[in-house]
2 protein chains.
Amino acid sequence: MNQSELAAFYRAYIDCLNRRDWDLLGRFVHPDVSHNGRRIGLAGYRTMLERDHHEIPDLRFSIEILAVDPPRVASRLAFDCTPVGTFLGLPVDGRRIRFAENVFYELREGTIVDVRSILDKAAIELQLATTAPPGAAEPIPGETETLRR
Amino acid sequence: MNQSELAAFYRAYIDCLNRRDWDLLGRFVHPDVSHNGRRIGLAGYRTMLERDHHEIPDLRFSIEILAVDPPRVASRLAFDCTPVGTFLGLPVDGRRIRFAENVFYELREGTIVDVRSILDKAAIELQLATTAPPGAAEPIPGETETLRR
């Protein structure tokens, strides 16, 4: 794939994740894929993604920065979501968090074979330290701090 | 800069950091540089790097993965170092840690103007949970666990 083809491939991959179209995952992910040094394979990759979506029902991947240098893609993904329980070992418990993931992909035979991802855990910790504790009342629509300002 | 020029520029920037040649930093970093959304400027950037080297006397930047897509560079940097005290809020206290940084740079007018970096804090936490506590005896050279195996 040349640079523009690889960019289109990556955007289609992210779209596949956002549609949760797991049956299509094999078009994008290599059977022998590794994630952060662990060879989990396509089935393990699908399990990981399904678990992520289970823990974060409103999970959505948004590309914020993209650098395409075949056979590599680097992407900064932005998340704005509400994990239901513990996430990365942190008691998020339904609070809304925003954070980024900086991730590198390497392709082989037209699919992603290696992923090196880092999630911004420190940013989440900072938000949890400054947001309302779990169980706080839901804001009334139209009456939130943000809208009153 | 084209792709190969930008790759050479980035390698020269990392070399500048490893030589701690702060007087040369302005050749690589824009006067109005931002780091993770905060506009700190060249002087603030230098202060940040000097503080990093003070907290981590054996700090060394090694490029593990590079994706160059002008005007953007994405780099996975590998670190193998011994922060003397607290690092990222964690009590490292002279233990040896290995971790990665996934970082995006954007250039303007031939210098780095925007940096979006994430350090793998979770990897450091995992290592601190499984390594000897601070104050443990130094291994005798040639007599470490690794060498005996």
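Right, let's walk through the structure included here.

How each quantity is defined
Residues numbered from 1 in each chain as written. Chains lettered and ligands numbered in written order. Predicted model: local features only at pLDDT ≥ 70, side-chain atom pairs only at ≥ 80, totals over all residues. Heavy atoms only, no water. Helix = DSSP H or I, 4+ residues; strand = E, 2+ residues; numbered from the N terminus. Buried < 20%, exposed > 50% of the residue type's maximum accessible area, 1.4 Å probe, protein only. Contact = heavy atoms within 4.5 Å. Arc of directions from axis to C-beta. Least-squares fit on C-alpha atoms with pLDDT ≥ 70 in both. Buried area = accessible area lost by both parts, 1.4 Å probe. Salt bridge = Lys/Arg side-chain N within 4 Å of Asp/Glu carboxyl O. Polar contact = N/O pair within 3.5 Å; in protein donor to acceptor, adjacent residues only side chain to side chain. Core = buried A, V, L, I, M, F, W, Y, C linked by side-chain atoms within 4.5 Å.

Let us now look at the overall build of chain A. Each helix and strand in chain A was counted, giving four helices and eight strands. Element order for chain A, N to C, with α for helix and β for strand: α-β-β-α-β-β-β-β-β-β-α-α. Going through the 149 residues of chain A one by one, you find that 44% of them count as buried. At a minimum sequence separation of 6, the contacts of chain A that also span at least 24 residues come to 53%.

Quick look at helix α3 (residues 121-130) of chain B now. Because the α-helix completes a turn every 3.6 residues, residues three or four places apart line up on one side. Residue and element names in this part refer to chain B. Those residues of α3 that fall on the buried side of the exposure criterion are K121, I124, Q127 and L128. Mapping the buried residues of α3 onto a view down its axis gives an arc of 120°, with all of them on the same face. For α3, exposure combined with an orientation more than 90 degrees from the buried face picks out L126, A129 and T130.

Its rotation angle being 180°, the transformation that places chain A on chain B also includes 0.0 Å of axial translation and leaves an RMSD of 0.0 Å. With respect to symmetry, the two chain copies, as superposed, fit the operation of a two-fold axis. Here 100% of the contact residues of chain A are again contact residues in chain B; the copies associate through an equivalent surface.

This part is about the side chain of H30(B). Residues and elements named next belong to chain B. Considering the arrangement of structural elements, one finds H30 in strand β1 (residues 29-35). H30 sits in the buried class, given a relative accessible area of 5%. Apart from the residues lying within four places of it in its own chain, the contact partners of H30 are L42, R108, E109, T111, I112 and V113.

Further remarks concern the interface of chain A and chain B. Across the boundary between the two partners, chain A contributes 23 residues, which contact 23 residues of chain B. Here chain A meets chain B over a buried area of about 1,900 Å², counting both sides, of which 61% is carbon and sulfur. Considering only the surface of chain A that becomes buried against chain B, D69(A), F104(A) and I118(A) emerge as the three largest contributors, covering 33% of it. At the boundary of chain A with chain B, the tally comes to two salt bridges. For E125(A), the salt bridge goes to K121(B), with nearest N and O atoms at 2.6 Å. At the surface where chain A touches chain B, the tally comes to nine residue pairs in polar contact (both at pLDDT 80 or more). Broken down by secondary-structure element, the contributors of at least two residues to the side of chain A that touches chain B are β3 (62-69), β4 (72-81), β7 (97-108), β8 (111-119) and α3 (121-130) of chain A.

The subject of this paragraph is the nonpolar core. Within soluble globular proteins, side chains that are nonpolar tend to cluster in buried spots. Judged by nonpolar contacts, the single largest core of 39 residues is most densely connected at Y13(A), Y45(A) and Y105(A). Breaking this core down by element, the ones donating at least two residues are α1 (3-18), β1 (29-35), α2 (41-55), β3, β4, β7, β8 and α3 of chain A. Considering each element in turn, this core owes the most residues, eight residues, to α1(A). Here Y105(A) is in contact with Y10(A), Y13(A), Y45(A), P71(A), R72(A), V73(A), S75(A), L77(A), I112(A), D114(A) and V115(A), once residues within four sequence places are set aside. Grouped together as the second largest cluster of nonpolar side chains are 38 residues, A7(B), C16(B), F28(B) and L49(B) included.

Under the definition given, this model contains 22 salt bridges over all chains. Between D32(B) and R39(B) there is a salt bridge; the shortest N-O distance is 3.2 Å. Among the residues examined, R39(B) registers a relative accessible area of 62% and is labelled exposed. Taking the shortest distance from any N to any O, the salt bridge between D80(B) and R98(B) comes out at 3.8 Å. Here the residue D80(B) occupies a position in strand β4 (residues 72-81), and R98(B) occupies one in strand β7 (residues 97-108), the gap between them amounting to 18 residues. R98(B) gets classed as partly exposed once you look at its relative accessible area, which sits at 48%. A cluster of three or more residues bridged by salt bridges with shared partners is formed by D15(A), R19(A) and D21(A).

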